[in-house]
Amino acid sequence: MQLAFLVALICGIALAVEDCTTTSQSTSYWSINNLVLKVYDWDNGSSMGTFGFTSYSSATNKTVECLAQDVDLARLAGNEPWSKCSDPGVEFRFDFEDMSLSLRETWTCSGSPGTTFNANATGLMMLHGCLDSDTEKGVESDCHVMEFDMAGEVTSSAVL
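Scope of this entry: the structure provided in the associated data block. The structure presented is a predicted model; accordingly, all values stated were derived computationally and were not measured. Per-chain numbering applies: the sequence of each chain, read as written, is numbered from 1 onward. pLDDT decides what is reported in this predicted model: residues at 70 or higher carry local features, side-chain atom pairs at 80 or more are listed and counted, and totals for whole chains, interfaces and linings draw on all residues regardless. As a rule here, side-chain values come from all non-hydrogen atoms in the structure, and water together with hydrogens is ignored.

1. Here we look at the nonpolar core
Under the convention used in this document: In this text, buried Ala, Val, Leu, Ile, Met, Phe, Trp, Tyr and Cys residues form a nonpolar core when linked through side-chain atoms within 4.5 Å. The classification of residues rests on relative accessible area computed with a 1.4 Å probe and restricted to protein chains. Under 20% of the type maximum is buried, over 50% is exposed, and intermediate values are partly exposed. The helix count covers DSSP runs of H or I at least four residues long, the strand count covers runs of E at least two residues long, and both are numbered beginning at the N terminus. Contact definition: two residues touch when any of their heavy atoms are within 4.5 Å.
Judged by nonpolar contacts, the single largest core of 28 residues is most densely connected at I32, F51, F53, F92 and L101. Mapped onto this core, the elements with two or more residues apiece are β1 (28-39), β2 (48-57), β3 (62-72), β5 (90-95), β6 (100-109), β7 (115-124) and β10 (148-159). Setting aside residues up to four positions removed in sequence, F92 forms contacts with F51, F53, C66, L67, A68, W82, S83, K84, C85, L101, S102 and L103.

2. Overview of unusual backbone geometry
Both trends apply: most residues other than glycine have a negative phi, and most peptide bonds are in trans. Even without glycine at this site, N61 takes up a positive phi of about 60°. In this fold, N61 is placed in the loop between β2 and β3. At M99, a residue that is not glycine, the phi angle is positive and equals roughly 55°. With respect to the helices, strands and loops of the structure, M99 is situated in the loop between β5 and β6.

3. Things to note about the pattern of salt bridges
Spelled out, the test is: What makes a salt bridge here is a side-chain nitrogen of Lys or Arg within 4 Å of a carboxyl oxygen of Asp or Glu, nothing more.
Under the definition given, this model contains 3 salt bridges. E91 is paired through a salt bridge with K84; the nearest N and O atoms lie 2.4 Å apart. In the salt-bridge network here, residues are joined through shared partners; they are K84, E91 and R104.

4. A few points about the packing of aromatic side chains
What characterises a pair of aromatic rings is the spacing of the ring centres plus the angle enclosed by the ring planes. What counts is decided by this rule: The aromatic pairing rule takes the rings of Phe, Tyr and Trp, using the six-membered ring of Trp, and pairs them if the centres are within 6.5 Å, calling planes under 30 degrees apart stacked, those over 60 edge-to-face and the rest tilted.
Scanning the model with the defined rule gives 6 aromatic pairs in all. Ring plane angle 15° and centroid distance 4.1 Å describe the contact between F51 and F94, whose orientation is recorded as stacked. Residue F51 is located in strand β2, and its partner F94 is located in strand β5; the two are separated by 43 residues in the primary sequence. For the pair formed by F51 and F94, the shared burial category is buried. With centroids separated by 5.8 Å and ring planes inclined at 20°, the aromatic side chains of W107 and F117 adopt a geometry described as stacked. Placement of W107 in strand β6 and of F117 in strand β7 is noted, with a sequence separation of 10 residues between them. Linked through ring pairs, F51, F53, F92 and F94 together constitute an aromatic cluster.

Nothing here speaks to function; it is geometry throughout.
What follows is the structure in structure tokens.
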């Protein structure tokens, strides 16, 4: 009985590692949902606000939350440091000028040896009813952003 359990356990672990590696090497995507974009006093030249979203990764089968709150949104892109998400392996940049989102993620498939993967993606966001001439001036602008998917590009992998 113990031998059967041990064999099942070992096979299950091997299968899980194989599934992680196979999934990580397949075409993957991030599904971006629950987008929040609030800009405070934007018409007076302010880019202070909040930007956040949830992201589901098909490669890792995980959903993470990403949020930059009460920050200068214009400084979330370019040479600024990447913003952290709820999982330490996931980071993002938001480009306020061209309304694009960039994600990068690092994860490791367990096993002996383990394999670490790095992937990234960039997508353009479509806004509805904010930051335009119809938006009330001098007040908080609460933007409605369409949910979207971004194709992930695995840029590297390494065996540990």
